[in-house]
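In case you want the letters, here they are:
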Amino acid sequence: MFTARHRLELPSLPQCHNPALQQQLQDCIDQKTKPAGSLGQLESLALQLGLILNTTTPHIIKPQIRVFAADHGLTAEGISAFPKEVTRQMVLNFLSGGAAINVFARQHGLDLKVVDAGVDGDLEPHPQLLALKVMRGTRNSLHTAAMNAEECLQAVICGMALVREAPGNLLIVGEMGIGNTSAASLLLSKLGKLPLDQCIGRGTGLDDAGLEHKHLVLSQVLHKHRQLKNPLEILATLGGLEIAMMTGALLQAASERRILLMDGFIACSALLVAEHLQPGVKNFAVFSHNSVEPGHQQLLKLLGARPLLDLNLRLGEGTGAALAYPLLESALAFLNEMASFADAGVSGQNA
C-alpha cells in the first residue's frame, strides 16, 4: 500500500528532558509554604508542565479544543449500538452548542471547533466548523483497507496543518465517530501487540450479544490484515479518518511544545500511533482520566501514563480532558503565585 513516494515528513520534536530546568522547577516547588510533597500529584503536574513549556514560569495561553468527526465503514457489520447517522447528527449538535463538550468548553473558557475529517454526509458552512473532509467515511476494513495511502496521509497532513493555524499552547483533541472504538481497539491490538480481549469494550453501550459479535468481527479484521507491520499502514488499514487527523494534530502540537491534554480511548489511540511514528510525543502529554473502556486502561499502561481523574467516563468528545483542565490551571497557579518560605517569613523544615 505504502511505497517510496508515500512519505510523511514528520516534524522534529524539541527536547523535553532538561535536567537543569527540572532541578530549578523542583527547587521552586519544594520551597513553597507547605510540607514537601503535600500537594501530591499536583506537584508532579506543575513540574511536567514547566518542562513541556520549557520555563520556570509556565502559563497556559489560549487553550484549544478540536473535535474530529468521521464515519467508519466497519459499522456495516453491526459493531455499534447506534447507527452511523448519529455521527452527522452529533456534529450538528456540537455546532448548535448542545453537547457535553460544548458545556464544559464554555464553563472553562476553552475555544472549541469541530473538524469534519470524514463525515458521511453534507454539512453546511458554520463558523465553528473546519471542513477538511478527506472522504465520506472509511471503507469496511473487514473487506479492504479502511483508507488507501493517499487518503491516510492527507488526513495526517490536514491534522498537522490545522494545528499550525491554531493559537495557544495547549491542545485537546476530541472525537465523534460511530464505530471508532472498534478502530481504536484494532489499532491497540496491532500496535500494542495485545490480545483483542484486552482491547475491546462495549463502546456506545453494546449488550453481551453485541459485544460478542463485535469481538468476532474485529478478530476477522485482524486475521485478514495479519501481515501489517508499518505504523502508517496499520493506521490506514485499521484506523479512521478522525484518528489519522488527530495523529497529525498531536505530532504537530508536540513539535511546537504545546501541552497535549489527552482525553480517552480514541484520542489516546491516536497518540499511540503518533508515538510509533515519532517516539517522544508522549512526553508532551498530560492524561486527563482513566476511562472504563478496557482498551484505554491498556493504552495508559503502554504509554506509562498516570491519569488525573477516575470518574467512570466513556463519552469521548474531549470531555474528560475538559473536566481535567482546571487541575492544570491550579498546578500552574500554585507554582507561579504561592509564596515561598523566604517570601512569607515562614520557617522551613528542620534539617
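What comes next concerns the included structure. Remember, it's a predicted structure, so these values are computed and weren't measured experimentally.

With that settled, the discussion passes to the sheet that holds strand E3 (residues 129-131). With parallel pairing, six strands are arranged side by side in an open sheet as E3-E2-E1-E4-E5-E6. In this open sheet, the two strands that pair with only one neighbour each are E3 and strand E6 (285-287). Neighbour-to-neighbour, the strand axes of this sheet turn through a mean angle of 25 degrees, independent of strand direction. The pairing of strand E5 (residues 259-262) with E6 spans three bridges and is classified as parallel.

Moving on, we come to the environment of Ala-46. With respect to the secondary-structure elements, Ala-46 resides in helix H2 (residues 41-53). A sequence separation of 181 residues divides Ala-46 from Gln-227, and the C-alpha atoms of the two residues are 43 Å apart. Setting aside residues up to four positions removed in sequence, Ala-46 forms contacts with Ile-29, Ala-331, Phe-334 and Leu-335.

On the secondary structure map, Arg-257 appears in the loop between helix H9 (241-255) and E5. Buried charged residue Arg-257 carries no salt bridge. Nearest counter-charge: Glu-256, at 11 Å. Reaching out from Arg-257, the side chain makes a polar contact with the backbone oxygen of Gln-15 at a distance of 2.4 Å. Reaching out from Arg-257, the side chain makes a polar contact with the backbone oxygen of Leu-51 at a distance of 3.3 Å. If sequence neighbours within four positions are ignored, Arg-257 has contacts with Pro-14, Gln-15, Leu-51, Ile-52, Leu-53, Asn-54, Asn-169 and Phe-284.

Before going further, it helps to examine the pattern of salt bridges. All chains considered together, the criterion is met by ten salt bridges. The residue Arg-202 makes a salt bridge to Asp-208 at a minimum N-O spacing of 2.7 Å. The exposure class assigned to Arg-202 is partly exposed, which follows from its relative accessible area of 36%.

What follows covers helix H10 (residues 265-277). Here H10 contains 13 residues, and its C-alpha end-to-end distance of 19 Å stays within 8% of the 18 Å for a straight helix at 1.5 Å per residue. For H10, a buried count of twelve out of 13 residues is recorded, marking the element as mostly surrounded by other parts of the structure. For H10, the set of buried residues is Phe-265, Ile-266, Ala-267, Cys-268, Ser-269, Ala-270, Leu-271, Leu-272, Val-273, Ala-274, Glu-275 and Leu-277.

Let's shift gears to the pairing of strand E1 (residues 64-70). In terms of burial, E1 is a largely internal element, seven of the seven residues being buried. The alternating pattern of E1 places Gln-64, Arg-66, Phe-68 and Ala-70 on one face and Ile-65, Val-67 and Ala-69 on the opposite face, and all of these are buried. As paired strands, E1 and strand E4 (residues 170-176) are joined by six bridges and run parallel to one another. Bridged to Arg-66 within E4 is Val-173.

Conventions adopted
- All residue numbers refer to position in the chain's written sequence, counted from 1.
- With pLDDT at 70 or above as the cut-off, local features in this predicted model cover only qualifying residues; side-chain atom pairs require 80 or more to be listed or tallied, and sums for whole chains, interfaces and linings still use all residues.
- No hydrogens and no water enter the side-chain calculation; it runs on all heavy atoms of the structure.
- Strand pairing requires that DSSP identify at least two bridges connecting the strands.
- A run of H or I in DSSP becomes a helix once it reaches four residues, and a run of E becomes a strand once it reaches two; helices and strands are each numbered from the N terminus.
- Every axis in this analysis is a line fitted to C-alpha atoms, fitted for helices over the stretch in contact. Angles between the N-to-C directions lie between 0 and 180 degrees.
- Any two residues whose heavy atoms approach within 4.5 Å are treated as being in contact.
- Summary of the burial criterion: residues with accessible area below 20% of their type's maximum are buried, those above 50% are exposed, and those between are partly exposed, where the area comes from a 1.4 Å probe applied to protein chains only.
- The charge count treats Lys and Arg as positive and Asp and Glu as negative. His and the chain ends do not count.
- For salt bridges, the criterion is a side-chain nitrogen of Lys or Arg within 4 Å of an Asp or Glu carboxyl oxygen.
- Any pair of N or O atoms that falls within 3.5 Å is considered a polar contact. Within protein, one atom must be able to donate a hydrogen and the other to accept it, and sequence-neighbouring residues count only if both atoms are side-chain atoms.
- To estimate the expected span of a helix, subtract one from its residue number and multiply by 1.5 Å.

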